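Single-letter residue listing:
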Amino acid sequence: MIAEVNGLVKKYPSFTLSDVSFSLDRGRITGFIGRNGAGKTTTIKSMLNLVRPDSGKVSFFGLPLSGHEAEIKQRIGYSSGTISWYPRKKIRDIVRSVKSFYEAWDDTAYRRYRDLFAIDEAKTPLQLSEGMKVKLNLLLALSHKAEVLILDEPTSGLDPFSRNELLEIFADLKNEGVAVFFSTHIISDIEKCADDILYISRGRIAAAATKEDFVRQYSEEGETLEDTMLRMEGGAAHA
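Scoring rules and cut-offs
- The residue count restarts for each chain, going from 1 along the sequence in the order it is written.
- In keeping with the model being predicted, local features are shown solely for residues with a pLDDT of at least 70 and side-chain atom pairs are shown and tallied solely at 80 or more, while totals for entire chains, interfaces and linings include all residues.
- Side-chain measures were taken over the full set of non-hydrogen atoms in the model, leaving aside hydrogen atoms and water.
- Paired rings are identified among Phe, Tyr and Trp, the last through its six-membered ring, by centres lying within 6.5 Å, and are further divided according to the angle between planes into stacked (under 30 degrees), edge-to-face (over 60) and tilted (the rest).
- Put simply, DSSP H or I for four residues or longer makes a helix, DSSP E for two residues or longer makes a strand, and each gets a number counted from the N terminus.
- Partly exposed describes any residue whose relative accessible area lies between the buried limit of under 20% and the exposed limit of over 50%, with all areas from a 1.4 Å probe on protein chains only and scaled to the type maximum.
- Here, over-ring charges are defined by two tests on the NZ atom of lysine or the CZ atom of arginine: distance to the ring centre within 6 Å, and angle to the ring normal within 35 degrees.
- For two strands to count as paired, DSSP must find a minimum of two bridges between them.
- Every residue pair with non-hydrogen atoms within 4.5 Å of one another is taken to be in contact.
- Fitted lines through C-alpha atoms give the axes, limited to the stretch in contact for helices. The angle between two N-to-C directions lies from 0 to 180 degrees.
- Should an angle fall under 35 degrees it is taken as roughly parallel, and over 145 as roughly antiparallel, whereas 65 to 115 is taken as roughly perpendicular and any remaining angle as oblique.
- The nonpolar class holds Ala, Val, Leu, Ile, Met, Phe, Trp, Tyr, Cys and Pro. Asp, Glu, Lys and Arg form the charged class, and all remaining residues, Gly among them, are polar.

**Overview of the packing of aromatic side chains**
Here is step 1: As enumerated under the stated definition, the model contains eight aromatic pairs in all.
Here is step 2: Look at Phe22 and Phe181: their rings are 5.3 Å apart centre to centre, the planes differ by 20 degrees, and that puts the pair in the stacked class. With Phe22 in strand β2 (residues 15-24) and Phe181 in strand β8 (residues 179-184), this pair connects stretches of sequence that are 159 residues apart. The same class applies to Phe22 as to Phe181, namely buried.
Here is step 3: The positively charged end of Arg112 is found above the aromatic ring belonging to Tyr113, 4.7 Å away from the centroid.

Rendered as structure tokens:
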């Protein structure tokens with residue numbers, strides 16, 4: 001395994017992330033699903049020490065995040081569905097700043113994704129649509145030879161064509177041995193590309209399985225994956 005999460009707990013006044021555990025493997029795409037407020041973003045931010053969990057352990061490449069954070073973050077890519085760069089700074093200047101932090105920055109990969117996403121380096125984030133802001137965030141995450149990609153709602157704000165384009169990129173990265181972990185509420189994206197499904201409900205992991213095993217265990221005859229999720233979530237809401 002390339003990443004492992006054990007017993008994550010994070011308590012807020014109105015929400016608790018409870019004993020979240022799972023692992024990620026090289027060359028696998030894991031879809032992280034659950035309704036809004038279920039704990040997806042809290043889990044992801046805890047994995048990256050962007051929020052401090054109350055307990056639990058996170059490791060990457062066999063190294064604990066605690067004590068090896070700088071080293072580990074050279075080898076992983078993170079993107080959220082939003083962007084918080086300086087809104088009036090030109091993209092080429094943002095890229096120059098970000099590039100300086102990564103020892104393995106790959107200019108060839110950067111140019112390839114820049115052209116694929118049609119990013120205009122002369123523009124500022126303020127001039128970008130919401131979908132293009134997502135693409136800029138992904139461009140930076142994909143340009144430093146990351147071995148693990150952790151993406152929070154990466155298809156948010158993208159049109160269907162751009163979403164399919166991104167899912168194809170996931171498949172290419174998987175073939176290169178990259179572990180892709182992405183949260184989404186768009187179940188069709190999971191159906192198209194995920195190898196594994198991690199389902200969180202009300203702060204707890206409700207299911208963790210390959211996509212095939214998930215369907216075998218939880219879907220009823222004739223159900224789509226979205227039908228299954230809606231039924232399971234409905235049951236969770238009344239539990």
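**Side note on the sheet that holds strand β1 (residues 3-12)**
Here is step 1: In space, the four strands of this open sheet follow the order β2-β1-β4-β5, with antiparallel pairing throughout. Two strands close off the open sheet at either side, each with one partner strand: β2 and β5 (63-64).
Here is step 2: In this structure, β1 lies alongside strand β4 (residues 55-60), joined through five bridges in antiparallel fashion. In the sheet register, Val5 faces β4, and the bridge partner there is Val58.
Here is step 3: Against the sheet, helix α1 (residues 40-47) makes contact with β1, β2 and β4, and its axis sits at roughly 60 degrees relative to β2, the strand it touches most.

**Points about the pairing of strand β10 (residues 204-210)**
Here is step 1: Where strand β9 (residues 196-201) meets β10, six bridges bridge the pair, whose relative direction is antiparallel. Counterpart to Leu198 in the pairing with β10 is Ala208.
Here is step 2: The hairpin formed by β9 and β10 contains two residues between the paired strands, and Arg202 there has a positive phi angle of roughly 55 degrees.

**Quick look at the packing of helix α4 (residues 107-117) against helix α5 (residues 130-141)**
Here is step 1: Relative to each other, α4 and α5 sit at 170 degrees, their axes nearing to 10 Å. By the angle between their directions, the pair α4 and α5 is classed as roughly antiparallel. Between α4 and α5, the contacting residues are Tyr110, Tyr113, Arg114 and Phe117 on the first element and Met132, Lys135, Leu138 and Leu139 on the second.
Here is step 2: Within the contact of α4 with α5, the residues separate by chemical class into six nonpolar, no polar and two charged.

**Some details on the sheet that holds β9**
Backbone-to-backbone hydrogen bonds pair the strands of a sheet. The strands run either parallel or antiparallel.
Here is step 1: An order of β6-β7-β8-β3-β9-β10 is seen for the six strands of this open sheet, with the pairing classed as mixed. With one partner strand each, in any of the chains shown, β6 (76-80) and β10 form the two edges of the open sheet. Mean inter-strand twist for the sheet, computed between neighbouring axes without regard to direction, equals 15 degrees.
Here is step 2: The pairing of β6 with strand β7 (residues 148-152) spans five bridges and is parallel. By the bridge assignment for β7, Ser80 is matched with Asp152.

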